[in-house]
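One-letter residues, chain by chain:
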Amino acid sequence: MGFTDDHLMSLADAGLGNSAYLVDLGDGRALAVDASRDLRGLRKAAERHGLRIAFAADTHLHADFLTGSVQLAHDEGATVLASAAGHRAYPHRPLRDGDEVDVSGLTLRALATPGHTDEHLSYLLLDGARALGVFTGGSLIVGSAARTDLLGADRTEEFARAQYRSLRRLARLPDEVAVWPTHGAGSFCTAPAGAKRTTTLGDQRSSNPLLTAPDEDAFVRQLLGSLGSYPAYFDRLTEINRRGPAVLGSQPRLAPLTPADVRAAVARGAQIVDVRPVAHFATGHIPGAISIRLREQFATWLGWLLPPDAPLVFIAAPGQDLAEVIWQALKIGYERLAGHLAGGMDAWDSDGGEQQNVELVTADQIGDRPVLDIRQRSEHVAGHIPGAVSVELGELAARADEAPADVVVACGRGLRAMTAASILQRAGRHDVAALVGGPDDWARATGLQLEAGE
């Protein structure tokens with residue numbers, strides 16, 4: 001078919017750090033690889049190029065998002081391609097190592113590449129005998145390889161050694177073969193910050209530290225040494241993806257709620273998620289609300305901090321995109337969306353609703369107040385305000401008592417800090433402030449150096 005780079009479209013989810021791929025097969029049909037349940041971008045790309053998605057391939061049972069393959073099969077009759085070893089409970093074509101699928105004259109060859117998960121496949125795309133590229137999922141990624149601890153600590157090293165063998169297998173492909181990973185910069189699955197999203201085998205053979213490791217033991221030490229924490233919802237999604245996410249029948253929406261509706265929902269166990277900008281939340285919010293500003297990383301923190309079985313009530317500012325709230329929640333398996341407060345906080349205020357606020361401080365206002373650094377451990381170690389107590393945001397609800405009195409909460413820019421402040425406030429703390437900015441701002445304001453290490 002004369003395959004060119006124009007036939008492949010990479011669709012990045014910057015919030016989760018992942019890429020899905022849409023391949024124009026040349027006959028009006030397309031192949032989708034590792035599509036998430038939020039199919040808006042993929043469908044727009046397909047419509048723009050006049051394509052029907054005929055094949056939907058998953059490289060592995062994803063832990064960080066729900067697959068869109070089930071929806072594509074339902075809506076468009078797409079044939080789902082996936083590992084036989086995944087034992088998926090919905091109709092699909094089960095593939096084993098070496099199996100080949102004809103996709104409009106191109107060939108998709110399954111390569112068993114366990115490590116990130118035990119049933120992981122990579123897909124080599126061939127035009128006749130010529131290898132065009134390989135969809136590597138969570139195996140070989142730009143500058144690294146994906147984490148191997150998702151099925152428990154007792155199997156982490158076993159999977160790391162499997163990952164070593166999988167990467168060596170992929171590295172035997174020709175230099176010019178393109179590498180199309182799923183996980184990229186920003187993924188907790190994980191990838192180096194700032195890394196490119198696609199590459200070639202030749203580039204990775206020379207630049208990927210894991211491919212230049214002298215032996216298997218060195219590879220394992222290096223890979224395991226790079227693993228940090230990951231969102232709590234990762235532990236739930238693999239099994240949902242094995243069973244198959246529920247098919248969505250119509251355009252999902254958030255029901256408008258009155259203040260009385262919100263109070264009644266909370267009385268029945270609903271959680272309030274305030275998606276407004278930090279300054280809005282600081283000025284006034286509903287007691288007990290968790291602040292997670294709507295942004296690319298919204299799904300990550302929603303899934304890390306909120307229980308999956310509680311109904312969710314959202315508080316938004318005028319003009320914020322409620323569809324974005326819905327799809328970020330749905331793509332990580334949050335189905336119980338009770339609605340949003342119609343009229344926002346103005347409606348709550350007009351109804352006489354109680355409010356709380358959070359103090360915002362700038363770097364030059366911290367003074368001698370103790371600092372709680374809620375960034376990831378790797379961020380803290382790289383450079384923090386001297387004396388800052390380190391508790392990752394994902395652990396804070398269980399460790400709220402470790403926060404010093406009269407504390408200023410700090411992150412990188414102030415968004416996670418406000419989330420942390422809301423968690424502490426919900427735990428009964430009222431002596432909490434959130435830092436506007438981060439450690440670099442403190443260093444500039446004081447002329448002092450950040451502290452590295454523990």
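What counts as what
- Residues numbered from 1 in each chain as written.
- Predicted model: local features only at pLDDT ≥ 70, side-chain atom pairs only at ≥ 80, totals over all residues.
- Heavy atoms only, no water.
- Salt bridge = Lys/Arg side-chain N within 4 Å of Asp/Glu carboxyl O.
- Buried < 20%, exposed > 50% of the residue type's maximum accessible area, 1.4 Å probe, protein only.
- Helix = DSSP H or I, 4+ residues; strand = E, 2+ residues; numbered from the N terminus.
- Domains from an automatic or database assignment.
- Contact = heavy atoms within 4.5 Å.
- Buried area = accessible area lost by both parts, 1.4 Å probe.
- UniProt positions renumbered as here; feature names shortened; annotations may be inferred.
- Pairing = 2+ DSSP bridges.
- Right-handed = clockwise from strand over helix to strand, strands pointing away.
- Phe/Tyr/Trp six-rings, centres within 6.5 Å; stacked < 30°, edge-to-face > 60°.
- Lys NZ or Arg CZ within 6 Å of the ring centre and 35° of its normal.
- Arc of directions from axis to C-beta.

K.L.:
Tell me what's going on with the pattern of salt bridges, and back it up with residues and numbers.
P.N.:
By the definition in use, this model includes 31 salt bridges. Between R130 and D127 there is a salt bridge; the shortest N-O distance is 4.0 Å. Assessed through its relative accessible area of 47%, R130 is described here as partly exposed. Measuring nitrogen to oxygen at the nearest pair gives 2.0 Å for the salt bridge that ties R205 to D175. Pair noted here: R205 is in helix α4 (residues 201-207) and D175 is in the loop between α3 (156-170) and β13 (178-181), with a separation of 30 residues, a long-range link.

K.L.:
Describe unusual backbone geometry, with residues and values.
P.N.:
For H87, which is not a glycine, the phi torsion comes out positive at approximately 50°. Within the secondary structure, H87 is located in the loop between β5 (79-83) and β6 (93-95). Classification of H87 by relative accessible area gives exposed; the value is 58%.

K.L.:
Could you give an account of the domain arrangement of the protein, naming the residues involved and the relevant values?
P.N.:
In many reports, interface size means the accessible area that the parts give up when they come together. Domain parsing of the protein yields domain 1 (3-243), domain 2 (256-281 + 288-341) and domain 3 (359-446). Taken over C-alpha atoms, the centre of domain 2 sits 23 Å from the centre of domain 3. Taken residue by residue, the interface counts 14 residues in domain 2 and twelve residues in domain 3. Considering only the side of domain 2, the residues that lose the most area to domain 3 are V278, W301 and L305, jointly responsible for 36% of the buried surface there. Applying the counting criterion to the domain 2 and domain 3 interface returns zero salt bridges. Elements supplying a minimum of two residues to the side of domain 2 that touches domain 3: α8 (278-283), β17 (290-291) and α9 (298-305).

K.L.:
Tell me about the UniProt feature "domain: Rhodanese" (unreviewed entry) in the protein, residues and numbers included.
P.N.:
Listed under "domain: Rhodanese" (unreviewed entry) in the UniProt record, and renumbered for this structure, are residues 266-357 and 365-451. Split by type, residues 365-451 is 30% helix and 15% strand. Its first and last C-alpha atoms lie 19 Å apart.

K.L.:
Any chance you could break down the sheet that holds strand β15 (residues 256-257) for me, citing the residues and the numbers?
P.N.:
Strand order across the open sheet formed by five strands is β15-β19-β18-β16-β17, with parallel pairing between neighbours. The strands lining the two open edges of the sheet, one partner per strand, are β15 and β17. In this structure, β15 lies alongside strand β19 (residues 337-341), joined through two bridges in parallel fashion. Note that in β19 the partner of L257 across the bridge is L341.

K.L.:
Explain the pairing of strand β3 (residues 29-33) to me, using residue names and the numbers behind them.
P.N.:
In terms of burial, β3 is largely enclosed, as four of its five residues are buried. Between the end of strand β2 (residues 18-24) and the start of β3, which pair antiparallel, lie four residues, with G26 showing a positive phi angle near 90°. Relative to strand β4 (residues 52-57), β3 runs parallel, the two being bridged by five bridges. Bridge pairing in β4 links L31 to F55. Read as a crossover between parallel neighbours, the route from β3 over helix α1 (residues 40-48) to β4 is right-handed.

K.L.:
Explain the packing of aromatic side chains to me, using residue names and the numbers behind them.
P.N.:
Per the stated rule, a full pass over the model turns up seven aromatic pairs. Ring centres of Y230 and F234 lie 5.4 Å apart, and the angle between their planes is 20°; this geometry places the pair in the stacked category. Assigned by exposure class, Y230 and F234 land together as buried. Sitting above the plane of the W348 ring, R263 keeps its charged end 4.5 Å from the centroid.

K.L.:
Give a description of helix α2 (residues 69-76) that names residues and reports values.
P.N.:
All of the buried residues along α2 are S69, V70, Q71 and L72. Remark: G77 follows α2 within two positions and exhibits a positive phi of approximately 70°.

K.L.:
Lay out helix α6 (residues 234-243) in plain terms, naming residues and giving numbers.
P.N.:
What α6 keeps buried is the set F234, L237 and N241. Angular distribution of buried residues about the axis of α6 spans 50°; they occupy a single face of the element. In the stretch just after α6, G244 is the one whose phi turns positive, near 105°.

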